[in-house]
Amino acid sequence: MAPIAAPPLPEAVRTESPRAVPATTLWEERFALRTHGMTSSIIRELLKLTEAPDVISFAGGLPASDLLPRAEIAAAVGRIAASGSEAAFQYGTTEGLTPLRDLFVRHMARYGIRVAVENVLVTSGSQQALDLIARLFLNPGDRVLCEEPTYLGALQAFGAEQADFLSVTTDDDGLKVDLLEEKLRAGPKFLYILPNFQNPGGTTLSLSRRRRLIELADHYGAPIVEDDPYGQLRYEGDHIPPLVALDAEFRGGARGERAFSGNVIYLSTLSKTLAPGLRIAWVVAPEAVVRKLVQIKQAADLHTSTFCQHVAYEVAREGFLDRHVKRLRVVYGVRRDAMLAALDRHFPPGVRWTRPKGGLFLWATAPKGIDTAEVLKEALAEKVAFVPGAPFHPAGGGRESMRLNFSYAPPEIIEEGILRLGRVLSGALSTRG
Ligand SMILES: Cc1ncc(COP(=O)(O)O)c(C=O)c1O
């Protein structure tokens, strides 16, 4: 029998001197193909720059630090440690802590979302939910239809699975639903929609557009991922039912006689209403989808931190969350107003901005020819930061825009930061001529 030839050694093994090969090369040349197009989020990179204590940052999506519920969390941790139960310190189920899932079910019922515990999966932030959804549904080249602009972290999660993006622009009433059909004909795998106080735009999808969106998505057989971190943080106007509830109504299942089985997967999080450091969020999906997400999550992290789930449950279970959200609404509403007033005073003519009814962000757009990535460099020299618009646009564009967060800084700091930013923008506009 002819001897079997040994396979050729990889390039690095054939190199004569091991020292000739830099330590990382072996790993770098083995990066999986799908990772080649990945870049780190400009937001994460920026947050590093804005960590300097003297920078006024409108960049992150951070809750106000003085409103973090430190005392309630400390008391919850104390109770957990003193309880004698080991559950918070042990491994848990991938689905999540049942009492916490149940709490989410009751919480959502108040917003018209009628589901069972089996429809709820606790995730390590909504960001993980987006990643799990991407891994479950997307093959390379699949299309995701999203708003333009849209949440950068979703673009990252879907892009990691090599998705292509179809996008539809937004106006003050959110996604321009009249432009949707053409894109739906291109056969997206799903739609990714932020109906409330959109990140980054700050816009809210009107009720009539929500209903039309549900009808169109149904007509073209395209399911919807509804991402709703900000729905509770409304500072004016009436609550608008979430897509997941409207979809159930559309299908005649609003009274909950049937198991939840709609076209909408719904995501929400405690990051903006309690503390992002807990990394507690949840997904609502038909049971078969939850079971599959559970398998993927098992491979990712076994389960979300049992300790943090117990803390979140302890903090939330006696109604603290509701009281806290009421307080956040007041404080963030004041900060939003402070930013809008400061923009009126200090931003140069020609710059426009959205007037969000809730959430954490507004979106400002300068005249054509201004590149906000360049403006940011000047702004950082003036110790003020924001996120430039282009990365939120999957199909290009957005260079003239910027996302401004109004929840983190108190009103007097907002005033000073917008004053500085207004100066920088005026400078950029006069250079542009
Ligand atoms: C629209 C949207 N989705 C998801 C996330 C991620 O949130 P979490 O902290 O729950 O991972 C954010 C955070 O800013 C967001 O704005």
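Residues numbered from 1 in each chain as written. Predicted model: local features only at pLDDT ≥ 70, side-chain atom pairs only at ≥ 80, totals over all residues. Heavy atoms only, no water.

Q: Where do I start with the pattern of salt bridges in this structure?
A: Pairs can form between side chains of opposite charge once their charged atoms are near each other. Under the criterion given, the structure shown has 25 salt bridges. The partner of Glu314 in a salt bridge is Arg79, and the shortest N-O contact between them spans 2.7 Å. Here Arg79 lies in helix H4 (residues 70-82) and Glu314 lies in helix H12 (residues 306-316), a separation of 235 residues in the sequence. Exposure remark for Arg79: the relative accessible area of 40% places this residue in the partly exposed category. Arg251 is paired through a salt bridge with Asp218; the nearest N and O atoms lie 3.2 Å apart. Of this pair, Arg251 sits in the loop between helix H10 (243-250) and strand S8 (264-269) while Asp218 sits in helix H9 (residues 207-219), and the two are 33 residues apart along the sequence. Looking at Arg251, the relative accessible area reads 26%, which means it is partly exposed. With a relative accessible area of 31%, Asp218 lands in the partly exposed category. Each of Arg79, Glu314 and Arg317 takes part in a single network of salt bridges with overlapping partners. (Salt bridge = Lys/Arg side-chain N within 4 Å of Asp/Glu carboxyl O. Helix = DSSP H or I, 4+ residues; strand = E, 2+ residues; numbered from the N terminus. Buried < 20%, exposed > 50% of the residue type's maximum accessible area, 1.4 Å probe, protein only.)

Q: Can you walk me through the pairing of strand S4 (residues 164-171) in this structure?
A: Regular strands have side chains that alternate between both faces of the sheet. Relative to S4, strand S3 (residues 143-148) runs parallel, the two being bridged by 6 bridges. By the bridge assignment for S4, Glu148 is matched with Thr169. Where S4 lies against strand S5 (residues 174-175), 2 bridges are found, and the strand directions are antiparallel. Residue pairing for S5: Thr170 is matched across the bridge by Leu175. Between S4 and the antiparallel strand that follows it, S5, lie 2 residues. (Pairing = 2+ DSSP bridges.)

Q: It is not clear to me how the sheet that holds strand S7 (residues 224-227) should be interpreted in this structure. Could you clarify?
A: Pairing between the strands of a sheet is mediated by backbone hydrogen bonds and can be parallel or antiparallel. The strand order across the open sheet built from 8 strands is S2-S9-S8-S7-S6-S3-S4-S5, with neighbouring strands paired in mixed fashion. What marks the edges here is a single partner per strand, and that holds for strand S2 (120-123) and S5. Relative to strand S6 (residues 190-193), S3 runs parallel, the two sharing 3 bridges. Directly across from Cys146, in S6, lies its bridge partner Tyr192.

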